[in-house]
Each structure stands twice: as C-alpha cells, then as structure tokens.
Amino acid sequence: MSTSLSEHHVVVTRPVPGPAQSWLDDRANVQVLEEGVAADRSRLAEAISEADGALVLVTERIDEEVLAAAKRLKVVANMAVGYDNIDVAAATRAGVVVTNTPDVLTETSADLTLALLLATARRVVEGDRFLRERRWERWAPLLLAGQDVYGRTLGIAGLGRIGRAVARRAVLGFGMKLIYWGRSDVPEIERELGAERVGRDELFERSDFLSLHLALNDETRHFVSSRELGLMREDSILINTARGPIVDEAALVSALEAGQIWGAGLDVFEEEPSVTEALLPMKNVVLLPHIGSASVATRERMAKLAAENIVAVLSGQSPLNPVNPEVLLT
Ligand code: GLV
C-alpha cells in the first residue's frame with residue numbers, strides 16, 4: 001500500500017523564513033520546533049526520533065547520537081551550503097540522505113565577503129563608531145587612514161562557487177590581482193581573471209588580502225594557525241566568511257596583538273556564538289555574527305530549497321542537492 005506524502009512527518013528544527021513553511025505544510029505533516037527546543041540535545045533527538053525528514057539549521061549538530069535515536073529518518077536537509085554540523089558518514093551508514101543548499105547563496109555570500117574586506121581595509125566600522133561617539137573634530141590627512149584595495153593581491157583559499165564569485169568581484173570590480181590555492185587547477189578562472197595557482201605557503205606570503213572559502217573538515221581545521229600567520233605580511237588582512245575552525249582563533253589573536261598582520265574581517269568563529277574575548281576591543285578587526293548569506297531573499301530561497309530536497313526524497317525522487325548520493329543507490 002502506498003503512503004501519501006502528507007503522512008510523512010517532517011520536523012523543522014527552528015522557524016524558517018518565506019513560503020517554505022506553508023509549501024511544506026501542503027505536502028507533509030510538519031512540526032516546527034519552538035525556538036530554543038533544538039538547542040536542547042535530548043529534545044532535539046526526541047523530536048527527530050519519530051520523523052521521516054528533518055529540516056535543520058547550522059546551529060543543530062546532527063551526530064551519531066541523534067541519528068541512532070531516529071527510527072524512520074530518510075532525509076536531513078541542511079539550510080546551508082556547509083554541512084560540517086552533520087556527521088555525514090554516520091548518516092550514510094544509517095541510510096539517511098543529507099542535502100545542502102548550494103548555488104542560491106553564492107552571490108549573496110560573495111557580496112558580504114567584499115563588504116567585510118572593504119570595511120576592514122578602510123576602517124568603515126571604526127569610522128562609524130568614531131563619528132557616533134562625537135569624536136570627529138576636523139578632517140585630518142591620516143584620520144582613519146587604512147589600506148588600499150584597488151590593485152592589491154587577493155589570495156583565495158578554495159576556489160569553489162563562492163570563492164569564484166568573490167574573485168570576479170575583486171578582479172573585475174576592484175582591479176585586484178588574484179592568486180589561489182586549492183585541490184585542483186581552475187583553468188577557466190585562470191583564463192577569465194588571470195588567476196595564478198600557488199603553493200600553500202606562497203598563498204600566505206603573497207596575499208595582501210587572504211579570503212577563506214574552504215569547507216570545514218579534518219584537513220582544513222586550523223588551516224590558518226600560528227605558522228601560517230607568521231608567513232603573512234605585516235600589512236595583510238585575513239577575511240573569513242567560511243567556517244570559524246578553519247582559523248585557530250587564539251593564534252589569530254596573538255598575531256593581531258603582535259602586529260604580524262594588519263587586520264582581520266571575521267563573519268564566523270570557532271565556538272559560535274561565543275567570540276574570543278580578546279577580539280572584542282581590537283580596532284583592526286571587523287566582527288559579524290555569521291551573516292554571509294543573510295539577505296531576506298536568499299534566506300527564503302535556502303529554506304525553500306531545503307524543503308524541496310526533503311519532499312523529493314520522501315516522494316521517492318532524487319533530491320537536487322544530495323551530499324551523500326551513495327545512499328540513494330542502496
Ligand atoms: C552558511 O554558513 C552556509 O554554509 O550556508
């Protein structure tokens with residue numbers, strides 16, 4: 001006997017924006033957890049234990065324990081492109097499809113990366129604060145003087161979708177020179193933007209601005225640590241809009257304190273929502289609360305795409321964005 005989709009139970013771990021919610025309501029039996037519930041590990045596991053599908057956010061850690069408690073789970077749709085919050089290997093073993101939301105957030109995330117780069121280089125946030133504190137007495141030649149962006153060298157670690165979108169803005173919009181480090185050659189970007197692929201150490205040594213666009217995994221954890229920061233130039237700026245643990249935050253604080261690098265723009269942190277206390281008073285850092293893809297339209301698109309991935313799996317179709325497609329073959 002075939003089951004209709006509305007008999008499928010889908011847990012949405014926190015309220016999501018836009019039409020995704022009602023779209024999903026029309027197709028499944030949806031339970032949206034109230035804010036705060038998913039932060040409690042046992043309540044999260046309990047809610048998911050009876051679900052066929054779960055739409056989760058980056059704040060939820062879907063690990064072996066949560067997956068082991070799930071009796072009928074077929075799909076976990078992450079409303080994010082990164083999925084380091086999910087133990088994909090454990091999900092694969094449990095026969096659970098994991099999906100993410102690439103593409104719909106690429107340009108929005110690249111915009112924010114450039115905003116952070118410009119804000120850090122030109123001391124935009126510091127200037128705003130200075131003015132609001134009524135400390136501006138007169139124009140002065142070196143008042144809030146920062147770093148040039150135009151014509152400088154941008155190093156990108158990880159020339160994937162978002163890295164490329166950042167690269168295009170930087171080269172075509174700001175006349176920057178582009179070097180990159182990554183697992184493979186990207187000849188089309190070398191042709192299009194005159195990019196040069198460099199070795200790992202050379203990336204740190206030559207970048208005036210270094211922007212991280214790597215996925216977080218065991219290989220990229222602390223990709224930027226004291227040794228790498230020691231290779232960077234004193235007038236260089238580190239930008240991280242990828243994942244916090246890619247940078248050793250304690251080592252970054254030491255490098256900033258020692259003047260080993262000029263500044264940093266950070267949208268992500270090792271232990272979100274905590275931020276290393278020593279960063280807070282620093283004038284040469286710009287700190288944002290993980291808002292890379294946070295335009296209203298993009299967040300709505302991400303929620304809808306996550307919902308579509310769930311419905312596809314529960315109706316026996318291929319999801320648009322599986323990260324462990326091998327599950328679908330079994
Ligand atoms: C957000 O951080 C994402 O991975 O989409």
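Scope of this entry: the structure provided in the associated data block. The structure presented is a predicted model; accordingly, all values stated were derived computationally and were not measured.

## So, the packing of helix α5 (residues 106–121) against helix α7 (residues 161–174)
Across the interface, α5 lies against α7 with an axial gap of 8 Å and an inter-helix angle of 55 degrees. As the angle between them shows, α5 and α7 are arranged oblique. Two packed elements cross with a definite hand, and for α5 against α7 that hand is right-handed. The segment α5 lies against α7, with T106, E107, S109, A110, D111, T113, L114 and L118 engaging R161, I162, A165, V166, R169 and F174. Across the contact of α5 with α7, the residue classes tally to 7 nonpolar, 3 polar and 4 charged.

## Observations concerning the side chain of N78
Turning to its location among the elements, N78 is positioned in strand β4 (residues 75–78). Residue N78 is classed as buried on the basis of its relative accessible area, which comes to 0%. Of note is the side chain of N78, whose polar atom sits 3.0 Å from the side chain of N85. For N78, the contacting residues outside a window of four places in its chain are V56, L57, V58, Y83, N85, I86, T99, N100, T101 and A306.

## What about the sheet that holds β4?
Taken together, 5 strands build an open sheet; the order of strands is β2-β1-β3-β4-β5 and the sheet is parallel. Of all strands in the sheet, those with a lone pairing partner are β2 (29–32) and β5 (97–99), marking the two edges. Strand-to-strand twist in this sheet, taken as the mean axis angle between neighbours without regard to direction, amounts to 15 degrees. Bridge count between strand β1 (residues 9–12) and β2: 4 bridges; the pairing is parallel. Across the sheet, the residue bridging to H9 is N29, located in β2.

## Looking at the packing of aromatic side chains
According to the stated counting rule, one finds 2 aromatic pairs in the structure shown. Ring geometry for F204 and F223: centres 5.5 Å apart, planes at 40 degrees, overall tilted. One end of the pair, F204, is in helix α9 (residues 200–206); the other, F223, is in the loop between β9 (209–212) and α10 (226–231), and 19 residues separate them in sequence. Neither F204 nor F223 differs from the other in exposure class; each is buried. Aromatic rings pair up to connect W181, F204 and F223 into one cluster.

## Notes on empty space enclosed by the protein
Counted under the stated rule, the structure contains 1 cavity of 30 Å³ or more. The volume enclosed by the largest cavity comes to roughly 40 Å³. N240, G244, V247, E249, L252, L266 and V268 are the residues that line the largest cavity. Here the lining of the largest cavity is built from residues that sort into 4 nonpolar, 2 polar and 1 charged.

## A few points about the side chain of E249
Position of E249 among the secondary structure elements: in helix α11 (residues 249–257). A distance of 2.8 Å separates the side chain of E249 from the backbone nitrogen of E270, its partner in a polar contact. Setting aside residues up to four positions removed in sequence, E249 forms contacts with F269, E270, V275, T276 and L279.

Cut-off values and rules
Residues numbered from 1 in each chain as written. Predicted model: local features only at pLDDT ≥ 70, side-chain atom pairs only at ≥ 80, totals over all residues. Heavy atoms only, no water. Axes fitted to C-alpha atoms, helices over the stretch in contact; angles between N-to-C directions. Helix = DSSP H or I, 4+ residues; strand = E, 2+ residues; numbered from the N terminus. Parallel < 35°, antiparallel > 145°, perpendicular 65-115°, else oblique. Left-handed = near helix turned anticlockwise from the far one by under 90°. Contact = heavy atoms within 4.5 Å. Nonpolar A, V, L, I, M, F, W, Y, C, P; charged D, E, K, R; others polar. Buried < 20%, exposed > 50% of the residue type's maximum accessible area, 1.4 Å probe, protein only. Polar contact = N/O pair within 3.5 Å; in protein donor to acceptor, adjacent residues only side chain to side chain. Pairing = 2+ DSSP bridges. Phe/Tyr/Trp six-rings, centres within 6.5 Å; stacked < 30°, edge-to-face > 60°. 1 Å grid on protein atoms, 1.4 Å probe; cavity = no way out; pocket = protein on both sides within 12 Å on 5 of 7 lines; lining within 4 Å. Points joined across faces, edges and corners; volume = space filled by probe spheres on them.

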